[in-house]
Amino acid sequence: MKVVIGGVAGGATAAARLRRLDEQAEIIMIERTGYVSYANCGLPYFIGGAITERRKLTLQTPESFHNRFRIDVRVRQEVVAIARAAHEVIVRDLETGETYAESYDKLILSPGARAVVPELPGVDAERLFTLRTVEDTFRIHGFVEREQPRSAVVVGAGFIGLEMAENLRERGLDVTVVQRGGHVMPTLDADMAAIAHNHLRNHGIDLKLDANVEAFEPQADGSMLTRVEGSEPLSSDMVVLAVGVAPEGTLAREAGLELGIRGSIAVDEHMRTSDEDIYAVGDAVQVKNFVTGDDALIALAGPANKQGRIAADNICGIESRFSGSQGSSVLKLFDLTVAGTGLTEVAARAAGIEAQHVVLSPASHATYYPGSSSMTMKVLFEAGTGRILGAQAIGMDGVDKRIDVLATAIRAHMDATDLTELDLAYAPPYSSAKDPVNMAGYLIENILEGRVEQVDWNRAIAPAGDEVVLDTRTAGEYARGAVDGALHIPLDELREHLDELPRDKHLLVYCQSGLRSYVACRILAQHGFACANVAGGYGFYQETRLDAERRRTDVADCGVAL
């Protein structure tokens, strides 16, 4: 059997798996860049200096792949056409320009995705960069080392954009991030993204949100002007364009293979295309969203590696299926960790799913053990059933662990009760006896079983005529800032002051995190009051309020601590 494969994450995984399953197969890997298997997700950290050696970016070389797996690896060569009837690919040697035909029994396409470059004036400027390959990385790194730029504009605030902003800032550059949408990171809801916004600003990043770039203009002094609709142009020494990626489906389209959304390659659950002898894996393929079952594009390394293995299995006669991706991801943002899995509120709404959520601010581990810090978690669940739909978490420590547990819960179709019963590892340096994941389950269970009503801050800051806001924090907390017009009775004094509360009003109750206000709601409900707990507490509200204030003025409201 002769198999021709593309390179990098999906292709390299498929090639290695094929060899482990079939020692006799002839395996040829063709890769258009100079690097057959590299740490794509580590590229920004080489530019920033966290990774110092070039060789550490390459996971395998053509030589090491051949020595270990006896695979014929051909770099700087590109498949330019597929002759399906003849079972041949046409390959161009990018060094010499010569072309040749290579036959195959099975073909695995792994063309990946290309950086999106909008058709704007100046996108071909010498000081404008995109980051997708190792070669891109070395180009940016060489420019920074050689020219010593003092400022940069990063257009786009997804994974690559924010990682580049962080790493350039760590090198001492003044960095401005320009984002067309209203918040960074599409894997976050706007309220959670507010926390990331504040953290970026606190580390010296200038954020321009809801900003539409119109053009780039090289200047005579070597600088760049980035023109933004309705705003003053931004001057910088370099520009990084990171507005997303698009599946590279040109080869498949020209070969007459069935395509999916946005020109991606359509595959079945075995990673087989519309041609039974051609498979496709990685960022170029259309997959199923695991939570909704809808077609989706999810360009992440984890799914690509799994798809490569599954394609190899099926070629070798092993029945393997890819059941979909839920987009689990994690991002380092200076000393903050931002992670998510499954659906956001926006995605659930678009899918027609009736979703609710809880917001909690648990400690990363037992608070009496040194080094504990708070994280903010938002967990989405299906109304009525309690099925876990998605989760987002932001904090200094322990965030990735909780998101991984919740990602597993989604994969296992768990509901809130299942979360409460998860038996998770505990010791004071690592967690609490009631892990944050367990606590999320308890909160959801309380809502589903009618023990507490929940409202969000949009309602609490604009109460209706028959509603009154009640603050149950301590006097010291209240003095440092509170919702205008809120009544104040500390939780521990609530029972003694029940006669001061209006029984003909609906009480919207908050504390700093949502825990004490839940206790207050249980007291109030059992004394005949109609009440609701405000999700997330005042700490969550402070983050969103601070973000909104700084968007308006770039200066925080004096009532909110920076």
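Refer to the preceding data block for the structure.
Residues numbered from 1 in each chain as written. Predicted model: local features only at pLDDT ≥ 70, side-chain atom pairs only at ≥ 80, totals over all residues. Heavy atoms only, no water.

A.B. asks: Go over helix H1 (residues 8-21), please, and point to the residues and values.
C.D. replies: Owing to its 3.6 residues per turn, the α-helix aligns residues three or four sequence positions apart on the same side. Between the first and last C-alpha of H1 there are 20 Å, a value that for 14 residues agrees with the 20 Å anticipated at 1.5 Å per step. Taking burial as the measure, the 14 residues of H1 include 11 buried ones, the bulk of the element. Considered for burial, the residues of H1 that qualify are Val8, Gly10, Gly11, Ala12, Thr13, Ala14, Ala15, Ala16, Arg17, Leu18 and Arg19. Residues of H1 that are buried make contact with strand E1 (2-5), strand E2 (26-31), strand E3 (37-38), helix H3 (62-69), strand E9 (106-109) and helix H8 (301-315). (Helix = DSSP H or I, 4+ residues; strand = E, 2+ residues; numbered from the N terminus. Expected span 1.5 Å × (residues − 1). Buried < 20%, exposed > 50% of the residue type's maximum accessible area, 1.4 Å probe, protein only. Contact = heavy atoms within 4.5 Å.)

A.B. asks: Tell me about the pairing of E9, and name the residues and values.
C.D. replies: Alternating positions in E9 separate into two faces, Lys106 and Ile108 on one and Leu107 and Leu109 on the other, with burial throughout. Sheet topology places E1 next to E9; three bridges connect them, and they run parallel. Looking at the pairing, Val3 lines up with Lys106 of E9. Direction of pairing for E9 relative to strand E20 (residues 278-280): parallel, over a ladder of three bridges. Counterpart to Leu109 in the pairing with E20 is Ala280. (Pairing = 2+ DSSP bridges.)

A.B. asks: Lay out the side chain of Thr341 with the relevant residues and their values.
C.D. replies: Residue placement: Thr341 occurs in strand E24 (residues 336-342). Non-local contacts of Thr341, meaning those with residues more than four positions away in its chain, are made with Gln326, Gly327, Ser328, Gly390, Ala391, Ile403, Leu406, Ala407 and Ile410.

A.B. asks: Can you break down the sheet that holds strand E30 (residues 487-488) residue by residue, with the values?
C.D. replies: Pairing within the open sheet is parallel, and its five strands lie in the order E28-E32-E31-E29-E30. The open sheet has two free edges, formed respectively by strand E28 (454-455) and E30, since each of these has just one partner strand. On top of the sheet, helix H15 (residues 515-525) reaches strand E29 (467-471), strand E31 (506-510) and strand E32 (530-534); it is set at about 175° to E32, its chief contact. (Axes fitted to C-alpha atoms, helices over the stretch in contact; angles between N-to-C directions.)

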